[in-house]
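Architecture at a glance
Spelled out, the chains give:
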Amino acid sequence: MIIIIFGPPGAGKGTQSQFLVKEFNYLQISTGDLLRDEIKKKSELGGKISSLINKGYLVSDELIYLLLDNYLNKLNKKNKLIFDGYPRNLKQANEFSNLLDKYNLRINKVFFLNIDRELVKKRISGRVVCSKCNRVFNTEIANLEMINHTCGKDFLIKRKDDDYKTILKRFDLYMEETAPLIEYYKSKEGFCEIDGNKEIKQIYQQIKGFIDV
Ligand code: AMP
């Protein structure tokens, strides 16, 4: 099963993907994580990526394509994949379809996590990420998993692009660039709209309802 999960920043793409990883052994392929890994290398390219991400801009389609192609090429397991944060615009959606053809893969489900702008602000203000394993937590939700998380709390950081001003900019960019994917995928097989305003576990139940496991 190949899944795409998309929606505004803070909709819970990462969190929901991680639930599927944990319960059903999916592999989460987050282009945001691939980019942050590149930043960690402290290369010249990483520096350029970091300045774009921190300002809330998108990274070039060409670079994302290369990163992903490279990643898929090295990947042994090519089933149960979740693409989180890709595609992010119509050009990427078309390129993605070519990329999947190249690896003989087919999209089965496209989850659109729909969430209101007001809730995005609230969700992101409490968001922290483990810089070691990329897991996402929210400090505003009493969270045993965060406390017991194996990497410990020393690696938990707040993303630079999660400040209030950048979040709103990212939301507007989402409306401009990514929201057209709703119409694009609606006409294709496997499109599922999920109410992302619900409580996190309820959202997961909705998603599971669409997956044959
Ligand atoms: P995310 O972790 O998905 O919230 O992504 C964090 C940031 O990485 C985004 O705000 C973009 O700057 C960049 N990014 C992630 N995925 C893509 C993509 N598919 N295309 C362009 N930029 C991306």
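Scroll up to find the structure.
The structure reproduced in this document is the subject of the present report. All figures in this text were calculated on a predicted structure; none of them were measured in a lab. (Residues numbered from 1 in each chain as written. Predicted model: local features only at pLDDT ≥ 70, side-chain atom pairs only at ≥ 80, totals over all residues. Heavy atoms only, no water.)

To continue, consider the overall build of the protein. A count of helical and extended segments in the protein gives ten helices and eight strands. In terms of C-alpha radius of gyration, the protein reaches 16 Å, essentially the compact-globule figure of 17 Å for 213 residues. Here the C-alpha coordinates of the protein stretch approximately 45 × 40 × 35 Å along the principal axes. By residue count, 51% of the 213 residues in the protein fall in the buried class. (Helix = DSSP H or I, 4+ residues; strand = E, 2+ residues; numbered from the N terminus. Rg over C-alpha atoms; globule rule 2.2 N^0.38 Å. Buried < 20%, exposed > 50% of the residue type's maximum accessible area, 1.4 Å probe, protein only.)

Another aspect to go through is the packing of aromatic side chains. Across all of its chains, the model carries nine aromatic pairs by this definition. Both rings, one in Phe6 and one in Tyr185, keep their centres 6.4 Å apart while their planes meet at 45°; by these two values the pair is tilted. Of this pair, Phe6 sits in strand β1 (residues 2–6) while Tyr185 sits in helix α9 (residues 180–186), and the two are 179 residues apart along the sequence. Look at Tyr185 and you get buried, because its relative accessible area is 4%. Look at Phe171 and Tyr174: their rings are 6.1 Å apart centre to centre, the planes differ by 50°, and that puts the pair in the tilted class. Here Tyr174 and Phe171 lie together in helix α8 (residues 164–178), a separation of three residues that amounts to about one turn. (Phe/Tyr/Trp six-rings, centres within 6.5 Å; stacked < 30°, edge-to-face > 60°.)

The next thing to look at is the site of the ligand. The local shell around the ligand holds 16 residues, among which Thr31, Arg36, Tyr57, Gly85 and Gln92 are the closest. Between the ligand and the protein, one listed contact pairs an oxygen atom with a side-chain N or O atom of Arg36 at 2.8 Å. Contact between the ligand and Arg159: an oxygen atom at 3.0 Å from a side-chain N or O atom of the residue. Protein contact buries 96% of the 480 Å² of open area that the ligand shows by itself. For the shell around the ligand, the leading source of residues is helix α2 (residues 31–40), giving four residues. For the shell around the ligand, the per-class residue count stands at seven nonpolar, four polar and five charged. (Near = heavy atom within 4 Å. Polar contact = N/O pair within 3.5 Å; in protein donor to acceptor, adjacent residues only side chain to side chain. Areas by Shrake-Rupley, 256 points an atom, 1.4 Å probe, with all protein chains shown as cover. Nonpolar A, V, L, I, M, F, W, Y, C, P; charged D, E, K, R; others polar.)

The next thing to look at is the sheet that holds strand β7 (residues 156–157). Strand order in the open sheet formed by three strands is β6-β5-β7, with antiparallel pairing between adjacent strands. Each end of this open sheet is capped by a strand with a single partner; those strands are β6 (136–138) and β7. (Pairing = 2+ DSSP bridges.)

The next point concerns the nonpolar core. Core analysis: the biggest nonpolar cluster contains 34 residues, and Phe6, Phe96 and Tyr185 have the highest contact counts within it. Of all the secondary structure elements, the ones that give two or more residues to this core are β1, α2, α3 (44–54), α4 (61–74), β3 (81–84), α5 (90–102), β4 (109–114) and α9. Filtering out sequence-adjacent residues up to four positions away, Phe96 remains in contact with Ile4, Phe83, Tyr86, Pro87, Ile107 and Tyr185. The next biggest cluster of nonpolar side chains, apart from the first, holds 21 residues, and it includes Leu20, Tyr26, Ile82 and Ile124. (Core = buried A, V, L, I, M, F, W, Y, C linked by side-chain atoms within 4.5 Å. Contact = heavy atoms within 4.5 Å.)

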